[in-house]
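Chain by chain, the residues:
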Amino acid sequence: YSFNNDIQGTAAVVVVGLVAAQRLTGRRLAEERVLFYGAGEAEAGIVDLLAAHLATDPLDPAQVQ
């Protein structure tokens, strides 16, 4: 396993930003709509990490897509 800063690093920064916004607004991230535009590797990393984070939410795992 190796760390790819372009993929995992970008994903970490984006997901941490979303979690921080969630804490500031008091809204649940799982209730938000998120749009991904494009098909780059960094975007794929963001989607993977965001899905993993949302899977830890007490919502029904079937709702995490």
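Report on the accompanying structure. (Residues numbered from 1 in each chain as written. Predicted model: local features only at pLDDT ≥ 70, side-chain atom pairs only at ≥ 80, totals over all residues. Heavy atoms only, no water.)

Our next topic: the nonpolar core. One finds V15, V19, L29, L50 and L54 forming the largest nonpolar core, which totals 5 residues. The residues touching V15, leaving out its near neighbours within four places in the chain, are I46, L49, L50 and H53. (Core = buried A, V, L, I, M, F, W, Y, C linked by side-chain atoms within 4.5 Å. Buried < 20%, exposed > 50% of the residue type's maximum accessible area, 1.4 Å probe, protein only. Contact = heavy atoms within 4.5 Å.)

The subject of this paragraph is helix α2 (residues 41-55). In an α-helix there are 3.6 residues to a turn, and that puts residues three or four apart on one side. With 15 residues, α2 ought to run about 21 Å at 1.5 Å a step, and its terminal C-alpha atoms sit 21 Å apart, in line with that. Listed as buried for α2 are E43, G45, I46, L50 and L54. The arc that holds every buried residue of α2, seen down its axis, measures 160°, which confines them to one face. Across from the buried face of α2, at angles greater than 90 degrees, the exposed residues are E41 and D48. If you follow the buried residues of α2, they end up packed against α1 (5-25). (Helix = DSSP H or I, 4+ residues; strand = E, 2+ residues; numbered from the N terminus. Expected span 1.5 Å × (residues − 1). Arc of directions from axis to C-beta.)

With that settled, the discussion passes to the environment of E32. Checked against the element boundaries, E32 lands in the loop between α1 and α2. Taking the C-alpha atoms as reference points, E32 and Q22, separated by 10 residues in sequence, lie 9.5 Å from one another.

A separate point is a nonpolar patch on the surface. Side chains of V34, F36 and V47 sit close together on the surface and give an oily, nonpolar patch of about 200 Å² of accessible area. Along the chain, V34 falls in the loop between α1 and α2. On the basis of relative accessible area, V34 is assigned to the partly exposed category, the value being 41%. (Patch = residues over 30% accessible without salt bridge, like charges linked within 9 Å, V, L, I, M, F, W, Y side chains within 5 Å. Areas by Shrake-Rupley, 256 points an atom, 1.4 Å probe, with all protein chains shown as cover. Salt bridge = Lys/Arg side-chain N within 4 Å of Asp/Glu carboxyl O.)

Bringing the side chain of E43 into the picture now. Mapped onto the fold, E43 is located in helix α2. Notably, E43 is buried but unbridged: the nearest opposite-charge side chain belongs to R33, and the N-O separation is 16 Å. (Lys, Arg positive; Asp, Glu negative; His and termini not counted.)

Moving on to the packing of α1 against α2. For the pair α1 and α2, the least separation of the axes is 8 Å and the interaxial angle reads 50°. Considering their axes alone, α1 and α2 lie oblique with respect to each other. Handedness of the crossing formed by α1 with α2: right-handed. Contact residues: D6, I7, T10, A11, A12, V14, V15, L18 and V19 in α1; E41, A42, G45, I46, L49, L50 and H53 in α2. Of the residues that constitute the contact of α1 with α2, the class distribution is 11 nonpolar, 3 polar and 2 charged. (Axes fitted to C-alpha atoms, helices over the stretch in contact; angles between N-to-C directions. Parallel < 35°, antiparallel > 145°, perpendicular 65-115°, else oblique. Left-handed = near helix turned anticlockwise from the far one by under 90°. Nonpolar A, V, L, I, M, F, W, Y, C, P; charged D, E, K, R; others polar.)

Under the criterion given, the structure shown has 2 salt bridges. Among the salt bridges present, the one from E32 reaches R27, with a minimum N-O distance of 2.8 Å. Put simply, E31 and R28 hold a salt bridge, and the shortest N to O gap is 3.5 Å.

So far we have only geometry, and geometry alone does not tell us how the molecule works.
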